[in-house]
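# Observations on chain architecture
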2 protein chains.
Amino acid sequence: MSLSQANVAVVGATGAVGEQMLAVLEEHEFPIGELRLLASERSVGKKIRFRGKEHAVKLLDENAFEGIDIVLSSAGGSVSEKFCPIAAQAGAVCVDNTSAFRMDPDVPLVVPEVNPDDIALYKSTGIIANPNCSTIQMVLVLDALNRVNPIKRVVVSTYQSVSGAGRTAMEELANQSVAIFNGKPVEKKKFPHQIAFNCLPHIDVFLANAYTREEMKMVNETRKIMGIPDFRLTATAVRVPVFSGHSESINIEFESAITPDEAREVLGAYKGITVLDEPEHNVYPVNGDASDKDDVFVGRIRADESVEHGLNLWCVSDNLRKGAATNAVQIAQILRERYL
Amino acid sequence: MSLSQANVAVVGATGAVGEQMLAVLEEHEFPIGELRLLASERSVGKKIRFRGKEHAVKLLDENAFEGIDIVLSSAGGSVSEKFCPIAAQAGAVCVDNTSAFRMDPDVPLVVPEVNPDDIALYKSTGIIANPNCSTIQMVLVLDALNRVNPIKRVVVSTYQSVSGAGRTAMEELANQSVAIFNGKPVEKKKFPHQIAFNCLPHIDVFLANAYTREEMKMVNETRKIMGIPDFRLTATAVRVPVFSGHSESINIEFESAITPDEAREVLGAYKGITVLDEPEHNVYPVNGDASDKDDVFVGRIRADESVEHGLNLWCVSDNLRKGAATNAVQIAQILRERYL
């Protein structure tokens, strides 16, 4: 089966991720019949340009999904919890960018390069979950390497941009930075501490085991996507004062020997990864350079002599692109081509 | 022996570290006979206030050290290479904050909480090396824990402020940030890529093994300070767009079991460490809060389930204080009290 054109609804079209969803749908020339932009009452009537045409935002309610084939949802967990089942009931398939259904055993959690066949599992619920941004970019790297040399253990520390916390978080970083340069008091709303010129080891809420939910997402989602329930990984997730792009310092221990050159070759050949690794010319991935790009960038690949078979590397991606919108649109594309 | 008052020369008194040296000498009420501020020609004559009195900067030359007991040097590696032996020849003891002599087997490398007895080894060369900022704050934590439970392996990723690269680096972060908010072009001088709103996995130069010199300092200096030549540690050093304070995500594997509570107790009892670890109240170390403080702050202490006996933690300190000036002044204090 293949649908030559899909009717697509974007839920949360006015948000930071929604904006990127539309940009990626355009860039990827996604074949769309009807495009329906859905949001809460306060955004209804707003006009958004797509492919040179203005589209008015419509109200997200229980009747909003009639005739829709694919829903791209990114308006928050509680919105998805309520409306994804409704959309599925109406016959659409939801690609949900929130954490609402990610760990639901009946819902597939998909990164197309890693586990594309899991998309077929959407049939039981009508929902496919898009993983967390920090997980997606990392799991591409881990899967690429794990296919050639089984991974024993991963230690990851993240450097995550404020864009992952939405538009208000980006405004807070900008406003606080400007206030500091003008000698004005810093106002805090979105983050519990000043984010301007500070690194905060705190993303999402703290859990009973003293990890943040963001850190445990990296552990649990990686296990589900890779299909390895006991995959050994420990994470420290840190918000840094940058506007866009997540960086990750990833330490990997392997079952058997692997050289940095072999890793470079394997990663460079993997779909969706670009290797930028010429330190002698100051070439390595930098978050700002990844903006609005779909790829995951990897560099600083080097042998870790503190274990028998180890590597360190630096992994960067635009968290709103491959970490959210791009991955969702890729799933939608496979859905349209193979399943609808 | 004990010198009731020491004649102290500060080399590089006008730099970012030199300024903190003077602040710490004041705050610690270091008993000083004569204070001599030394710098290169372009700073000669500049006036600097110390204990309510103006001191004119004098020329750093071969005759500058007569009558001096202790030299605190932080004007760059090449300056120390030339002038520390001259000062030692003139009868002074140099506490050198540069990397010039750190790995010299005849020069002790000292963090007073960890290896105070190594100070005695100054006698062969007249020089004591002050370790690198990122090493000092980490080695306090490692030593505290290693004393109660031998460490098998450490994986560290750093989040280092621009102040470690000096005043011009701080200006570059400020200027680039302001330029961005004003829509002006960003000028790069000190850093090879834009540092404003970017994380750069690049501190100091790249070595043949693809690590940076900063990363290898963390490995080699830690081994020397702890006196464990095969201590297993791997590092990723990252410059982040913050003005002051280094943060470190440290993963530690131990020989035997240790709980987060035990680690908190051991760290809290160690001189120079303050534990800030109440995630339920958003209490954890933040670089900006560590400014102008002497302590190393530790939080986010939690069990790492990916190894048999593991912990993750978050370690923050003012890199110009305990990472440089405070550690040097502490060494000088022990010198004065016990050896001069």
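Please refer to the structure placed before this passage.
Presented here is an overview of the structure given in this document. Computed from a predicted model, the values in this text were never measured in an experiment.

## Let's talk about the sheet that holds strand β6 (residues 70-73) of chain B
Residue and element names in this part refer to chain B. Strands sit in the order β5-β2-β1-β6-β7-β8 across an open sheet of six strands; the sheet is parallel. The sheet is open, and its two edges are formed by β5 (58-59) and β8 (127-129), each paired on a single side. Bridge analysis of strand β7 (residues 93-96) against β8 gives three bridges, and the strand direction is parallel. Its bridge partner being in β8, V95 is matched across the sheet by I128. Sitting on the sheet, helix α1 (residues 16-27) touches β1 (6-11), β2 (32-39) and β6, and the angle it makes with β1 is about 155°. Packed on one face of the sheet, helix α7 (residues 321-339) meets β1, β6, β7 and β8 and runs near 170° to β6.

## Focus on the pattern of salt bridges
Under the defined criterion, the tally for this structure stands at 38 salt bridges over all chains. For R300(B), the salt bridge is made with E215(A), and the minimal N-O distance between the two is 2.8 Å. Of this pair, R300(B) sits in strand β13 (residues 296-303) while E215(A) sits in helix α5 (residues 213-226), each in a different chain. Relative accessible area serves as the criterion here: at 2%, R300(B) is assigned to the buried category. Of the charged contacts, one joins E253(B) and K152(B) as a salt bridge, the two residues approaching to 3.8 Å between their closest N and O atoms. Residue E253(B) is located in strand β11 (residues 246-254), and its partner K152(B) is located in strand β9 (residues 151-159); the two are separated by 101 residues in the primary sequence. Residue class for K152(B) comes out partly exposed when judged on its relative accessible area of 31%. Linked by salt bridges that have partners in common, K152(A), E253(A), D304(A) and R153(B) make up one network.

## Observations concerning the interface of chain B and chain A
Interface size is often expressed as the accessible area that is lost when the parts come together. Taken together, the contact pairs 54 residues of chain B with 54 residues of chain A. Roughly 4,500 Å² is buried in total at the junction of chain B and chain A, and carbon and sulfur atoms are behind 57% of that figure. If you look at where chain B meets chain A, you find eight salt bridges. Across the salt bridge formed by E215(A) and R302(B), the nearest N and O atoms sit 3.4 Å from each other.

So, how was this worked out
Residues numbered from 1 in each chain as written. Chains lettered and ligands numbered in written order. Predicted model: local features only at pLDDT ≥ 70, side-chain atom pairs only at ≥ 80, totals over all residues. Heavy atoms only, no water. Pairing = 2+ DSSP bridges. Helix = DSSP H or I, 4+ residues; strand = E, 2+ residues; numbered from the N terminus. Contact = heavy atoms within 4.5 Å. Axes fitted to C-alpha atoms, helices over the stretch in contact; angles between N-to-C directions. Salt bridge = Lys/Arg side-chain N within 4 Å of Asp/Glu carboxyl O. Buried < 20%, exposed > 50% of the residue type's maximum accessible area, 1.4 Å probe, protein only. Buried area = accessible area lost by both parts, 1.4 Å probe.

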